[in-house]
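Residue-level listing of the chains:
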Amino acid sequence: MITVENLTKRYGPHPAVDDVSFQCEPGTVTGFLGPNGAGKSTTMRMICGLTTPTAGRATVSGHPYQELPNPGREVGVLLDASAQHAGRTGREALTLSAYTMGLDRREVAAKLDLVGLNAVAAKRRVRAYSLGMRQRLGLAHALLGDPRVLILDEPANGLDPEGIFWMRGLLRDFADRGGTVLLSSHLLREVEAVADRLVVIGGGRIVAQGDKNELLAGGGTVVRARDSAALRRALEVANLSAADSSEGLLVQADAEAVGQAAADAGVALAELRPASGGGLEQLFLTLTAGESTKEAVR
Ligand SMILES: Nc1ncnc2c1ncn2[C@@H]1O[C@H](COP(=O)(O)OP(=O)(O)OP(=O)(O)O)[C@@H](O)[C@H]1O
């Protein structure tokens, strides 16, 4: 179980993370989504005790990370696959961690095998690893102590298609055996395939969270007008955020609210209908409309 309560982190005047609260339950995979700079990594770093929150708190299995007696036995963490000692071999890196955690050395071979690093790869220095191999080694590290919780930041980054498919099965199986997974990724199809719950963050704030299927069912409204500039202005006036899509504008509101906003502004509509079937990509674009731009101009 991971519990995040009112977490806030400020760097100067800008809140990188702003009053974020959510829970990740045993037996589930929670997909943590958001545009670049939304605050995902900062939130995960705060959960793992690597960044001190300005306010709020986070616990793993009921304790702040720093108070876990042997954290690697409780929670496996992979935040940055490139942040591993480049001069050690994969096997050496895992052996040292196993020693630190008080584990049987046989766990090293088992985990190397589990993540698909063969004997030749295990003997190579990490500096010679591809990004995908570093991810696999990072996952082996995270899984080494057989933890009940996994916190993974972009673990599929650099994996080949077979590796991504393999990782999906591994995470599903981990959760099905009662584990808790918090997974950030920009690979929306992967998240859609494996996650049970979603937490979507934009500009440091939670913009949506809940059961994946329920969130996907409420995918917003597609609207089109011949005068699309006027339609955009009408939506802005009504405080409704809109994102471009191939079908028109996607608005995170029901059709009635969108139609009313257009009518109030005297904009004639060419199309107004509930968005459906667009999947997670459409939901993501709708929920985080404008947030990437905000980050770019900060
Ligand atoms: N150490 C730091 N000092 C100053 N600002 C920081 C620091 N770490 C993060 N930030 C800022 O906090 C905000 C959130 O960054 P964060 O890395 O958490 O986003 P993210 O959602 O993980 O993005 P990405 O998808 O690009 O990895 C950004 O505006 C970033 O510039």
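What you see is a predicted model; the values in this text were computed from it and never measured.

Thresholds, definitions, all that
Residues numbered from 1 in each chain as written. Predicted model: local features only at pLDDT ≥ 70, side-chain atom pairs only at ≥ 80, totals over all residues. Heavy atoms only, no water. Domains from an automatic or database assignment. Buried area = accessible area lost by both parts, 1.4 Å probe. Salt bridge = Lys/Arg side-chain N within 4 Å of Asp/Glu carboxyl O. Polar contact = N/O pair within 3.5 Å; in protein donor to acceptor, adjacent residues only side chain to side chain. Helix = DSSP H or I, 4+ residues; strand = E, 2+ residues; numbered from the N terminus. Nonpolar A, V, L, I, M, F, W, Y, C, P; charged D, E, K, R; others polar. Pairing = 2+ DSSP bridges. Axes fitted to C-alpha atoms, helices over the stretch in contact; angles between N-to-C directions. Contact = heavy atoms within 4.5 Å. 1 Å grid on protein atoms, 1.4 Å probe; cavity = no way out; pocket = protein on both sides within 12 Å on 5 of 7 lines; lining within 4 Å. Points joined across faces, edges and corners; volume = space filled by probe spheres on them. Buried < 20%, exposed > 50% of the residue type's maximum accessible area, 1.4 Å probe, protein only. Arc of directions from axis to C-beta. Phe/Tyr/Trp six-rings, centres within 6.5 Å; stacked < 30°, edge-to-face > 60°. Lys NZ or Arg CZ within 6 Å of the ring centre and 35° of its normal.

1. Here we look at the domain arrangement of the protein
Inference 1: The domains assigned to the protein are domain 1 (2-210) and domain 2 (216-297).
Inference 2: Taken over C-alpha atoms, the centre of domain 1 sits 34 Å from the centre of domain 2.
Inference 3: Summed over both partners, the interface of domain 1 with domain 2 comes to about 1000 Å²; 78% of that surface belongs to carbon and sulfur atoms.
Inference 4: The largest share of the area that domain 1 buries against domain 2 comes from Pro-35, Leu-188 and Glu-192, three residues that together contribute 45% of it.
Inference 5: Applying the counting criterion to the domain 1 and domain 2 interface returns zero salt bridges.
Inference 6: Between domain 1 and domain 2 we count one residue pair in polar contact (both at pLDDT 80 or more) in total.
Inference 7: Those elements giving two or more residues to the side of domain 1 that touches domain 2 turn out to be helix H8 (188-194), strand E8 (197-202) and strand E9 (205-211).
Inference 8: The element best represented in the side of domain 1 that touches domain 2 is E8, accounting for four residues.
Inference 9: The residue makeup of the side of domain 1 that touches domain 2, split by class, is nine nonpolar, five polar and one charged.

2. Thoughts on the environment of Gly-202
Inference 1: Relative to the assigned elements, Gly-202 resides in strand E8.
Inference 2: It is 20 Å that separates the C-alpha atoms of Gly-202 and Arg-57, two residues lying 145 residues apart in sequence.

3. Thoughts on the sheet that holds strand E11 (residues 242-245)
The strands making up a sheet associate through backbone hydrogen bonding, with each pair oriented either parallel or antiparallel.
Inference 1: Strand order in the open sheet formed by four strands is E11-E12-E10-E13, and the pairing between neighbours is antiparallel. Each edge of the sheet is formed by a strand with only one pairing partner; in this case those strands are E11 and strand E13 (269-274). On average, each strand axis in the sheet is tilted by 25° relative to the strand beside it, whichever way the strands run.
Inference 2: Sheet topology places E11 next to strand E12 (residues 248-251); four bridges connect them, and they run antiparallel. Paired with Ser-245 across the bridge in E12 is Gly-248.
Inference 3: Helix-sheet contacts for helix H10 (residues 228-237) involve strand E10 (221-225), E11, E12 and E13, and the interaxial angle to E10 is about 135°.

4. Things to note about the layout of surface pockets
Inference 1: Of the volumes computed, that of the largest pocket is approximately 580 Å³.
Inference 2: Surrounding the largest pocket, 24 residues form its lining, Val-77, Leu-78, Ser-97, His-141 and Ala-142 being those nearest its centre.
Inference 3: Secondary structure elements with two or more residues in the lining of the largest pocket: helix H2 (71-74), strand E5 (75-78), helix H3 (90-101) and helix H6 (131-143).
Inference 4: Element by element, the count of residues in the lining of the largest pocket is highest for H3, at five residues.
Inference 5: For the lining of the largest pocket, a count of residues per class yields 13 nonpolar, eight polar and three charged.

5. A look at the pairing of strand E1 (residues 2-11)
On any regular strand, side chains alternate: one points to one face of the sheet, the next to the other face.
Inference 1: As paired strands, E1 and strand E4 (residues 55-60) are joined by five bridges and run antiparallel to one another. By the bridge assignment, Thr-3 is partnered in E4 with Thr-59.
Inference 2: In the sheet, E1 pairs with strand E2 (residues 14-24) via seven bridges, with the strands oriented antiparallel. Note on E2: the bridge partner recorded for Ile-2 is Cys-24.
Inference 3: Linkage of E1 to E2, two consecutive antiparallel strands, is achieved through a turn of two residues, within which Gly-12 is found at a positive phi near 65°.

6. Here's the deal with helix H11 (residues 255-264)
Inference 1: Those residues of H11 that sit buried are Val-258, Gly-259, Ala-261 and Ala-262. One side of H11 holds all its buried residues, which, seen down the axis, span an arc of 160°. Turned more than 90 degrees away from the buried face of H11 sit Glu-256, Ala-263 and Asp-264, all of them exposed.
Inference 2: In this structure, the buried residues of H11 make contact with E10, H10, E12 and E13.
Inference 3: Looking one or two residues past H11, Gly-266 carries a phi angle of roughly 70°, positive in sign.

7. Some remarks on the packing of aromatic side chains
Inference 1: In the structure shown here, the tally under the stated rule is one aromatic pair.
Inference 2: Ring plane angle 45° and centroid distance 5.4 Å describe the contact between Phe-22 and Phe-32, whose orientation is recorded as tilted. Here Phe-22 is found in strand E2, whereas its partner Phe-32 is found in strand E3 (residues 28-33), with ten residues between them in sequence. We note that Phe-22, like Phe-32, is buried.
Inference 3: Arg-136 extends its terminal NZ or CZ atom over the ring of Trp-166, reaching a point 5.1 Å from the ring centre.

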